[in-house]
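# Coordinates in review
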Amino acid sequence: MDRKIPVTVLSGYLGAGKTTLLNHLLGNKQNLKIGVLVNDMSEINIDAHLLEQGGLKRTDEKLIQLENGCICCTLREDLILEIDKLADLDLDYIIVESTGISEPIPVAQSFTYQEEVLGIDLSAKCRLDTMITVVDAGRFWHDYQSGESLLDRQQQAVEDDEREIADLLLDQIEFADVILLNKTDLLEEQALEQLFSLLQTLNPEADIHQTEYGKIDPSLVLDTKKFSFDKASQSAGWVKELNNEHIPETEEYGIASFVYRKRRPFHPERWMKWLEEWPAEVVRAKGFFWLASRPDTSGLLSQAGQSLAIEAAGPWIAAYPPDEQASLRAEDEELEARWHPVYGDRMTELVFIGIGMPKEQLMKGLDDCVLTDEEMLQDSTVFSDPLPAFV
Ligand SMILES: Nc1nc2c(ncn2[C@@H]2O[C@H](COP(=O)(O)OP(=O)(O)OP(=O)(O)O)[C@@H](O)[C@H]2O)c(=O)[nH]1
């Protein structure tokens, strides 16, 4: 194979307008021979005439529906198998419409390595070109703030799928190369501009376009050469803030972000209380925290809408035996640069993105959660810790 087939993957929550966009692209594809992989839990609703007529020859087009119904990590084998089949046809382009509940990262990963069980290496035949996420302007806030899981809505991929809808929406937004803010007809101008600015803050690397019924110039979403795995993993606004690349603020709509950095641990009870009274203005928060009662392990906090999760982010290097600490510091310049003579790498670094956030007040509230000078002298075991165990 002398040329790798470019692939565009469409993501977006259920009903956002993926199929509408796909139909639009198929109807405006000029002379491209496009293979389509639809992975839809509901019935396929691509206009039949777009596949049969409109210059698309049956042999050129292939429409495959995955029987298991969903492109998720568990079902990735099906996806790889079917794209591999498509790639053997004489196609110019492949478009994959993933289900509204699939996470984009596992889908993108399928294009980057040799799948062991199947022995298929898609990266030899295909090139992931663009990850598009379609956002429903009319429903975004409703879904994001709903506090519901896929399970609540009976939309889970597998029986015990407890993913929160807000987390899924964010994964899809933060990993995209191109975001289509679709259904712009359903939102007032002002609210639309605000949502547009928020999307820019959540993913400063993405191209964002406003669309109605997915009507977009195909060259903005096909063969853009925008995808790179490393770039996509680093494009989220919170990652940029943590890396000290401050995202420009859009004063007009009150959208702002800041990082809270502190080389003092949180008092578990005061931190828990702060989490329980989560400020409504914060739309997205993510980062690492140091908890006084758990001096060996760093915590990872991730909030999206009503969904708030904490988990272990790995051991603090400062909890390692001194010789191991020394060798790790010698190997890792970045670690060495932020090493503190007393606390080592232990510190809190949390990014907050929100609308109309009272930054000073929030910073003050967080400062009140960290240990006082007196408490700093106490042993980690004296603090009662109501937070859930790290997993
Ligand atoms: N008002 C309005 N409706 C739209 C727009 N784009 C799509 N729709 C409608 O929204 C509904 C869902 O669109 P689809 O394209 O099927 O959405 P989808 O993302 O493919 O949905 P799933 O496959 O269920 O995940 C359809 O009734 C569309 O006609 C738009 O810009 N404005």
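Residues numbered from 1 in each chain as written. Predicted model: local features only at pLDDT ≥ 70, side-chain atom pairs only at ≥ 80, totals over all residues.

## So, the nonpolar core
Within the largest apolar cluster, 77 residues are counted, with the highest numbers of intra-cluster contacts made by Val135, Ile179 and Leu199. Residue-level mapping places this core at the junction of two domains, with at least three residues from each of domain 1 (5–235) and domain 2 (251–382). Contacts of Ile179, omitting those with residues within four sequence positions, involve Thr133, Val135, Ile173, Leu199, Asn203, Ala206 and Ile208. (Core = buried A, V, L, I, M, F, W, Y, C linked by C-beta atoms within 7 Å. Buried ≥ 20, exposed ≤ 12 C-beta atoms within 10 Å, placed from the backbone. Domains from an automatic or database assignment. Contact = placed C-beta atoms within 7 Å.)

## Looking at the environment of Ala176
You can see Ala176 is positioned in the loop between helix H6 (165–174) and strand S8 (178–182). Those residues in contact with Ala176 that sit more than four places away from it in its chain are Met131, Ile132, Thr133, Asn203 and Ala206. (Helix = DSSP H or I, 4+ residues; strand = E, 2+ residues; numbered from the N terminus.)

## Topic: the environment of Tyr343
Along the polypeptide, Tyr343 turns up in the loop between helix H12 (333–337) and strand S14 (348–355). Residues Tyr343 and Arg270, 73 residues apart in the sequence, show an inter-C-alpha distance of 21 Å. Setting aside chain neighbours within four positions, we find Tyr343 in contact with Arg263 and Ala318.

## Concerning the domain arrangement of the protein chain
According to the domain assignment, the protein chain consists of domain 1 (5–235) and domain 2 (251–382). Domain 1 puts 13 residues into the contact, and the matching count from domain 2 is eleven residues. Broken down by secondary-structure element, the contributors of at least two residues to the side of domain 1 that touches domain 2 are H6 and helix H7 (189–202). Looking at the side of domain 1 that touches domain 2, the element that brings in the most residues is H7, giving six residues. Considering only residue class, the side of domain 1 that touches domain 2 consists of five nonpolar, five polar and three charged. (Nonpolar A, V, L, I, M, F, W, Y, C, P; charged D, E, K, R; others polar.)

## What to know about the UniProt feature "domain: CobW C-terminal" (unreviewed entry) in the protein chain
Following the UniProt record, one finds the feature "domain: CobW C-terminal" (unreviewed entry) at residues 255–370. Summarising residues 255–370: 28% helix, 35% strand, and an end-to-end C-alpha distance of 27 Å. (UniProt positions renumbered as here; feature names shortened; annotations may be inferred.)

## Things to note about unusual backbone geometry
Its identity is not glycine, yet Lys183 carries a phi of approximately 60 degrees, on the positive side. Here Lys183 lies in the loop between S8 and H7. Its 24 C-beta neighbours within 10 Å are what place Lys183 among the buried residues. A positive phi is found at Lys225, a non-glycine position, where the angle reads about 60 degrees. Examined against the element boundaries, Lys225 turns out to sit in the loop between strand S9 (207–210) and helix H8 (229–234).

## A closer look at the sheet that holds strand S13 (residues 307–315)
If you trace the five strands from one edge of the open sheet to the other, you get S10-S14-S11-S12-S13, paired in antiparallel fashion. Each end of this open sheet is capped by a strand with a single partner; those strands are strand S10 (255–262) and S13. Across the sheet, the mean angle separating the axes of adjacent strands is 15 degrees when strand polarity is ignored. Sheet topology note: the strand S11 (residues 282–289)/strand S12 (residues 297–304) ladder contains six bridges and is antiparallel. The residue bridging Phe288 from the neighbouring strand is Leu300, located in S12. Sitting on the sheet, H6 is in contact with S11, S12 and S13, with an inclination near 95 degrees to S12. (Pairing = 2+ DSSP bridges. Axes fitted to C-alpha atoms, helices over the stretch in contact; angles between N-to-C directions.)

## Examining the pairing of S9
Examined bridge by bridge, S8 and S9 share four bridges and lie parallel to one another. Its bridge partner being in S9, Val178 is matched across the sheet by Asp207. A crossover connection joins S8 to the parallel S9 through H7; in handedness this β-α-β unit is right-handed. (Right-handed = clockwise from strand over helix to strand, strands pointing away.)

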